[in-house]
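# Structural description and commentary
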Amino acid sequence: QLQLVESGGGLVQAGGSLRLSCAVSGRPFSGYTMGWFRQAPGKQREFVAAVTSSGGWTSYADSVKGRFTISRDPRKNTVFLQMNDLKAEDTAVYYCAANWNGNSVSTYPTDYNYWGQGTQVTVSS
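Residues numbered from 1 in each chain as written. Predicted model: local features only at pLDDT ≥ 70, side-chain atom pairs only at ≥ 80, totals over all residues. Heavy atoms only, no water.

Here we take up the nonpolar core. With 35 residues, the main nonpolar core has Leu4, Met34, Trp36, Val79, Leu81, Met83 and Tyr94 as its most contacted residues. Of all the secondary-structure elements, those providing two or more residues to this core are β3 (18–25), β4 (33–39), β5 (46–51), β7 (68–73), β8 (78–83), β9 (92–99) and β11 (119–124). Leave out the neighbours within four places in its chain, and Met83 touches Gly16, Ser17, Leu18, Leu20, Arg67, Phe68, Tyr94 and Val121. (Core = buried A, V, L, I, M, F, W, Y, C linked by side-chain atoms within 4.5 Å. Buried < 20%, exposed > 50% of the residue type's maximum accessible area, 1.4 Å probe, protein only. Helix = DSSP H or I, 4+ residues; strand = E, 2+ residues; numbered from the N terminus. Contact = heavy atoms within 4.5 Å.)

Here it is, written out as structure tokens:
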């Protein structure tokens, strides 16, 4: 079992930056693909970014390409999401997730096996 705990959310003005962290415990996360998803009120959960177990392959939603960067630190068992040039439409609860298939950058929430509790990101315009 993995436990995922997100942190780093908050309130920021449009154009600002935030860095989300997801601390993983229970076992080393080295074999898992790690992903970030988000869910705004009244909307379905949507894919944001993912990174394979090796860190060698990443994938991003078109809406965040060029603004967000996903990374992982195996020494700290932590995955990060650096978010720059934030927009009001980025407002959502952000979730960290782990996928057993370490070679996949799936964009489907159903492919992910473990989830954190989420952290709120609010961007004021």
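Time to look at the packing of aromatic side chains. On inspection of all chains with the given rule, the structure shows six aromatic pairs. By the ring-pair criterion, three or more aromatic residues cluster together here, those being Phe37, Phe47, Tyr95, Tyr112 and Trp115. Positioned over the ring face of Phe80 is Arg19, at 3.9 Å from the centre of the ring. A cation over an aromatic ring shows up here: Arg45 above the ring of Tyr95, its NZ or CZ 3.8 Å from the ring centre. (Phe/Tyr/Trp six-rings, centres within 6.5 Å; stacked < 30°, edge-to-face > 60°. Lys NZ or Arg CZ within 6 Å of the ring centre and 35° of its normal.)

So, about the state of the cysteines. Following the criterion strictly, the structure yields one disulfide and no others. Linked covalently through their sulfurs, Cys22 and Cys96 form a disulfide whose S-S length is 2.1 Å. Disulfide Cys22-Cys96: torsion about the S-S bond near -80 degrees, hence left-handed. Residue Cys22 is found in strand β3, and its partner Cys96 is found in strand β9; the two are separated by 74 residues along the sequence. With respect to burial, Cys22 and Cys96 carry one shared label: buried. (Disulfide = S-S within 2.5 Å.)

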